[in-house]
Amino acid sequence: MTRLLRYTLLGLLLILGLAALSIYSLTWRPEPREALPVSCAANTATLTPGQALKVMTWNVQFLAGKRYVFWHDLAQGNDESPTLEDMAFSLDEVARVIRDEQPDIVLLQELDDGAKASDYQNQLKLLQERLTDLYPCSTSAFDWKADFIPDPHIFGSVGRQLATLSRYRIDQAERVQLPVAGANFISRQFQPKNALLVSHLPLSSGGHLVVLNTHLERATQPDETLPNQVKAVSKVLDKLESRSKPWLIGGDFNLLPLGQYRRLPAAQRTPYSADSPLHLLWDKYPMIPTNNEASGIDRSHWLTHYPNDPGLNGPDRTVDYLFYSPRIKRVEARVRQDDTLRISDHLPVIARFLLPATP
């Protein structure tokens, strides 16, 4: 080997090493399970067996509002970030709706923290400042985080969180990693890492209510990622059920209920498959909305997603749900549509339950 060739190879190895080091330092590799900090006031009330519990789940779309068609939307628009004015409006509107509903537990998805596209806001902190009197307890978990994403539409940092706010005490919380989309080693470092945010709320007579919050993969074409994520969620719920622990889960599942696939125009079906992987959950556990509600005569009342698409003038599908243990009783449920259509591309799902009388 000539000296020039040797130096060339050493130079290439050095460049590759520096590139790998840069990628490693700029990206995030969470553990399969991680304990999370919980913020809770000292005098926070404890749940009581048999009590009523009101729950809301809402993907707030990083407070962007509805004046944009983003580059990552199915309609493939040109917008990359919302204005500060639009985010301020959406922040006030999200706070208004939550304060009006006053749910006991709020499950939020897509709150940004440190993302370039949302001006590096800590959106959970901004929201908590407006709701501090209602929710003494909270916890959060990232499901996408990197100091730099080289995609030209981003070309900067990302930070997106799940957040759970509670009127009742949270003893502990953890982040559970879900399967991620297949990709080469380098691409995998930069992609979202969907997760479960698991909160344990003590009951006054012993035991816990386990509340889970999630946002599953936003696929552009059907593949094995969403089925694998639903299988992982199902295993967690099955384990809780086998241990007789009451639980409920809410979030943006990015999957359709039975019967909605064929109602969508062909161009809107792209991310979905005719056989929804969500059946792995609804076959075993109660769901809000039920398949009958989401695809029946009053299905328009249960639509939860209003995609950013100039060809649409309202919500056209259901992708946000609450599932719960059969030990918990549903009292009432609805999707709040009338005054939320301009706040996010998702609508809040709200339900009241009765907890089991014994833990």
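Report follows, based on the coordinates.

The rules we used
- Residues numbered from 1 in each chain as written.
- Predicted model: local features only at pLDDT ≥ 70, side-chain atom pairs only at ≥ 80, totals over all residues.
- Heavy atoms only, no water.
- Helix = DSSP H or I, 4+ residues; strand = E, 2+ residues; numbered from the N terminus.
- Contact = heavy atoms within 4.5 Å.
- Axes fitted to C-alpha atoms, helices over the stretch in contact; angles between N-to-C directions.
- Parallel < 35°, antiparallel > 145°, perpendicular 65-115°, else oblique.
- Left-handed = near helix turned anticlockwise from the far one by under 90°.
- Pairing = 2+ DSSP bridges.

Description of the environment of V55
Note on placement: V55 falls in strand 3 (residues 52–59). Spatially, the C-alpha atom of V55 lies 4.9 Å from that of I105, the residues being 50 residues apart in sequence. The contact partners of V55, leaving out residues within four places of it in the chain, are P103, I105, L107, L248, L322, V349, I350, A351 and F353.

Here's the deal with the packing of helix 2 (residues 84–101) against helix 3 (residues 123–131)
Their axes nearest at 10 Å, the elements helix 2 and helix 3 cross at an angle of 45°. By the angle class used here, helix 2 and helix 3 are oblique. Crossing hand, helix 2 versus helix 3: right-handed. Contacts between helix 2 and helix 3 pair M87, L91, D92, V94, A95, I98 and R99 from the former with Q123, L126, L127, R130 and L131 from the latter.

Let's talk about the sheet that holds strand 6 (residues 156–166)
Strand order in this open sheet of seven strands is 2-5-6-4-3-14-13, and the pairing throughout is mixed. Two strands close off the open sheet at either side, each with one partner strand: strand 2 (39–40) and strand 13 (329–335). Looking at chain direction, strand 13 and strand 14 (residues 349–354) are connected through six bridges and run antiparallel. The partner of R330 across the bridge, within strand 14, is F353. On top of the sheet, helix 2 reaches strand 3, strand 4 (105–112), strand 13 and strand 14; it is set at about 165° to strand 3, its chief contact. Against the sheet, helix 3 contacts strand 4, strand 5 (137–149) and strand 6, and its axis sits at roughly 140° relative to strand 4.

Honestly, it's all geometry; don't read function into it.
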